[in-house]
Amino acid sequence: MELPIPDKIRIGAIEYDVQMCNEKEIATVGIHTPYYSSIRLDGSINHDLMQVVFLHEIIEAINHQHELKLDHSQMSSLGSALAQVIRDLPE
Ligand SMILES: [Zn+2]
């Protein structure tokens, strides 16, 4: 199953803009900016990585909103693990 990547996504009580950027604009594969309620993704990365990065940024937003104090490697592991589960769900 493919995780859709919409232009906007509500995470908790907050609606985030989801923007495709190029590598030069964000200098990383993805970034979550709480101040602007935005998630920006490098639109040139491959499909599988895009799913992992999008979930990672969603988890970053949840971590920020709820002050979970997850460290970055925990958020990366959760993003990667959830991407696999979602990908392998039947359509
Ligand atoms: Zn991150």
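Described in the following lines is the structure provided in the data block.

About the cut-offs
Residues numbered from 1 in each chain as written. Predicted model: local features only at pLDDT ≥ 70, side-chain atom pairs only at ≥ 80, totals over all residues. Helix = DSSP H or I, 4+ residues; strand = E, 2+ residues; numbered from the N terminus. Buried ≥ 20, exposed ≤ 12 C-beta atoms within 10 Å, placed from the backbone. Axes fitted to C-alpha atoms, helices over the stretch in contact; angles between N-to-C directions. Parallel < 35°, antiparallel > 145°, perpendicular 65-115°, else oblique. Left-handed = near helix turned anticlockwise from the far one by under 90°. Contact = placed C-beta atoms within 7 Å. Nonpolar A, V, L, I, M, F, W, Y, C, P; charged D, E, K, R; others polar. Pairing = 2+ DSSP bridges. Core = buried A, V, L, I, M, F, W, Y, C linked by C-beta atoms within 7 Å. Expected span 1.5 Å × (residues − 1). Arc of directions from axis to C-beta.

1. Considering unusual backbone geometry
Right, so step 1: One non-glycine residue, alanine 27, adopts positive backbone phi at about 55 degrees.
Right, so step 2: You can see alanine 27 is positioned in the loop between helix H1 (23-26) and strand E3 (30-33).
Right, so step 3: On the basis of neighbour counts, which here come to 9 C-beta atoms within 10 Å, the residue alanine 27 falls in the exposed class.
Right, so step 4: A positive phi is found at lysine 69, a non-glycine position, where the angle reads about 60 degrees.

2. Observations regarding the packing of helix H2 (residues 47-66) against helix H3 (residues 72-87)
Right, so step 1: Running from N to C, H2 and H3 cross one another at 130 degrees; their axes reach a closest spacing of 8 Å. Here H2 lies oblique to H3, going by the angle between them. The two elements H2 and H3 meet at a crossing, and its hand is right-handed. Counting all contacts with H2, which are made through Gln51, Val52, Leu55, His56, Ile59, Glu60 and Asn63, the residues of H3 involved are Met75, Ser76, Leu78, Gly79, Ser80, Leu82, Ala83 and Arg87.
Right, so step 2: Its residues assigned to classes, the contact of H2 with H3 shows seven nonpolar, six polar and two charged.

3. Observations concerning the pairing of strand E1 (residues 8-11)
Right, so step 1: When E1 meets strand E2 (residues 14-21), the two strands line up antiparallel, connected through four bridges. What sits directly across from lysine 8, in E2, is aspartate 17.
Right, so step 2: Counted along the chain from E1 to the antiparallel partner E2, the turn is two residues long, and its residue glycine 12 has a positive phi close to 65 degrees.

4. Considering the nonpolar core
Right, so step 1: Leu41, Val53, Phe54, Leu55 and Ile58 are the most contacted members of the largest nonpolar core, which has 13 residues in total.
Right, so step 2: Looking at this core, the elements with two or more residues in it are strand E4 (38-42), H2 and H3.
Right, so step 3: The element best represented in this core is H2, accounting for eight residues.
Right, so step 4: Excluding anything up to four places from it in sequence, leucine 41 contacts Met20, Cys21, Gly30, Met50, Val53 and Phe54.

5. Quick word on the environment of histidine 72
Right, so step 1: Mapped onto the secondary structure, histidine 72 falls in helix H3.
Right, so step 2: Separated by 68 residues in sequence, histidine 72 and proline 4 have C-alpha atoms that sit 24 Å apart.

6. Observations concerning H3
Right, so step 1: Between its terminal C-alpha atoms H3 stretches 22 Å, which fits the 22 Å expected from 16 residues at 1.5 Å a residue.
Right, so step 2: Those residues of H3 lying buried are Met75, Gly79 and Ala83. An end-on view of H3 places all buried positions within 70 degrees of arc, on one side of the element. Looking at H3, the residues exposed on the side facing more than 90 degrees away from the buried face are Ser73, Ala81, Gln84 and Val85.
Right, so step 3: Its buried side turned inward, H3 meets H2.

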